[in-house]
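Each chain, written out:
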Amino acid sequence: MPDTITSPTIASLANDIVACEACTARQECDRPTPFYPRTAPARILVLGRNPGINEDRQGLPFVGRGGQILEAWLQGLGITREDIWLTNTLKCYTAADRKPKAKELSTCWDLHLSREIGLCRPDLIVALGAEAFQTTTGLTQLTNRHGILYDRIAELGAYVMGVIHPGSALRSNLFKDMMIEDAKMLKPLLPITLAGTLKQALPDGYTAQ
Ligand code: URA
């Protein structure tokens, strides 16, 4: 894992996230958790909901149990954390893992996530769970829409696929199976995304809505 962030612009985003006091969620966490350390843009951005208590203590995303499931899932996809930009829709832990409020999500989007997407410049955003999916596509009902590719190139410069959140997979076998189905939809897209050709042509059998 890179332990220093060398790009000044990326580093300043991480600093601004850590210093943020803009919304009510800040009062419930030790400190905002920035993205997993990166020094350069990434073709794939993986977007969670918000840090849990372990993430809050360590100041890094996805280091708790959900992170272990995510890592196993990434491994099944043939990639690791180092291949992606890994971040959260809301940067602060919320007490007892309560759902983030709409105003907290929109403030974090305005101040941090929109800027982060601009710096990361992903071709593909993998939105883990309903909050990440709604924030990046404007759509609800992820359970009916997971594993589908959405074209948000005009808005975000990227395709978006919503997938079941690893935390939901922890709680139910149904969600676990859905997460496995999502991996099947995602896997063929990853080599061409990492090679930088996703936006030139989707693989056979894929269309984007
Ligand atoms: N769940 C998330 O959505 N993000 C984390 O960082 C940890 C758990």
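To start, this report covers the structure provided alongside it. (Residues numbered from 1 in each chain as written. Predicted model: local features only at pLDDT ≥ 70, side-chain atom pairs only at ≥ 80, totals over all residues.)

1. Comments concerning the site of the ligand
The line we're drawing: Residue proximity rests on one test: whether the C-beta atom, placed from the backbone, lies within 6 Å of the molecule or strand. Each residue gets one label: Ala, Val, Leu, Ile, Met, Phe, Trp, Tyr, Cys and Pro are nonpolar, Asp, Glu, Lys and Arg are charged, and the others, such as Gly, are polar.
Neighbouring residues of the ligand: Gly 48, Arg 49, Asn 50, Pro 51, Gly 52, Glu 55, Pro 61, Phe 62, Gly 64, Gly 66, Asn 88 and Gly 167. A per-class count over the shell around the ligand returns three nonpolar, seven polar and two charged.

2. Let's talk about the pairing of strand E1 (residues 44-48)
For clarity, the cut-off: Around each residue's C-beta, the other C-beta atoms within 10 Å are counted; 20 or more make the residue buried, 12 or fewer make it exposed, and counts in between make it partly exposed. All C-beta atoms are placed from the backbone. Per the convention used, a helix needs a DSSP run of H or I reaching at least four residues, while a strand needs a run of E reaching at least two, with both numbered from the N terminus. Pairing between two strands requires that DSSP report at least two bridges joining them.
Along E1, five of the five residues are buried, which leaves the element largely enclosed by surrounding structure. Side-chain alternation along E1 places Ile 44, Val 46 and Gly 48 on one buried face and Leu 45 and Leu 47 on a second face that is also buried. The pairing of E1 with strand E3 (residues 124-128) spans four bridges and is classified as parallel. Each residue of the ladder has a partner; that of Ile 44, found in E3, is Leu 124. Examined bridge by bridge, E1 and strand E2 (residues 85-88) share four bridges and lie parallel to one another. Bridge pairing in E2 links Leu 45 to Trp 85.

3. A look at the nonpolar core
Soluble globular proteins: nonpolar side chains tend toward being buried together. The criterion, for reference: Defined on buried residues, the nonpolar core groups Ala, Val, Leu, Ile, Met, Phe, Trp, Tyr and Cys residues joined through C-beta atoms within 7 Å. Remark: residues whose backbone-derived C-beta atoms lie within 7 Å of one another are considered to be in contact.
In terms of nonpolar packing, the biggest core is built from 49 residues, with Leu 45, Val 126 and Ala 127 touching the most fellow members. Setting aside chain neighbours within four positions, we find Val 126 in contact with Ile 44, Val 46, Leu 47, Met 161, Val 163 and Leu 186.

4. A word on helix H1 (residues 8-19)
As a reminder of what qualifies: To estimate the expected span of a helix, subtract one from its residue number and multiply by 1.5 Å.
The terminal C-alpha atoms of H1 lie 16 Å apart, and with twelve residues this matches the ideal 16 Å at 1.5 Å per residue to within 8%. As for H1, its buried residues are in contact with helix H4 (102-120).

5. Some remarks on the sheet that holds E3
Threshold: Only the stretch in contact is used when a helix axis is fitted, and all axes are lines through C-alpha atoms; the angle between N-to-C directions ranges over 0 to 180 degrees.
Read across the sheet, five strands follow the order E2-E1-E3-E5-E4 without closing on themselves; strand pairing throughout is mixed. Single-partner strands in this sheet number two, and they are E2 and strand E4 (149-152). Going across the sheet, the axis of each strand differs from the next one's by a mean of 25°, ignoring polarity. In the packing of helix H9 (residues 173-186) onto the sheet, the strands contacted are E3 and strand E5 (158-163), and the crossing angle to E5 comes to about 155°.

6. Digging into the packing of H1 against H4
A pair of packed helices is captured by two measures, namely the crossing angle of their axes and the spacing between those axes. Operational definition: Should an angle fall under 35 degrees it is called roughly parallel, over 145 degrees roughly antiparallel, and 65 to 115 degrees roughly perpendicular, with every other angle called oblique. Here a crossing is called left-handed whenever its near helix is offset anticlockwise from the far helix by less than a right angle, and right-handed whenever the offset is clockwise.
Closest axis-to-axis distance for the H1/H4 pair is 11 Å, and the angle between their directions is 165°. Put simply, H1 runs roughly antiparallel to H4. As for the relative orientation of H1 and H4, their crossing is left-handed in sense. The residues of H4 that touch H1, namely those facing Thr 9, Ile 10, Leu 13 and Ile 17, are His 112, Arg 115, Glu 116 and Leu 119. Within the contact of H1 with H4, the residues separate by chemical class into four nonpolar, two polar and two charged.

7. With respect to the environment of Leu 113
Here Leu 113 lies in helix H4. Overall, the presence of 25 C-beta atoms within 10 Å leaves Leu 113 in the buried class. For Leu 113 and Thr 87, which are 26 residues apart along the polypeptide, the C-alpha to C-alpha distance reads 8.7 Å. Once you skip the residues sitting within four places of it in the chain, Leu 113 turns out to touch Thr 89 and Cys 108.

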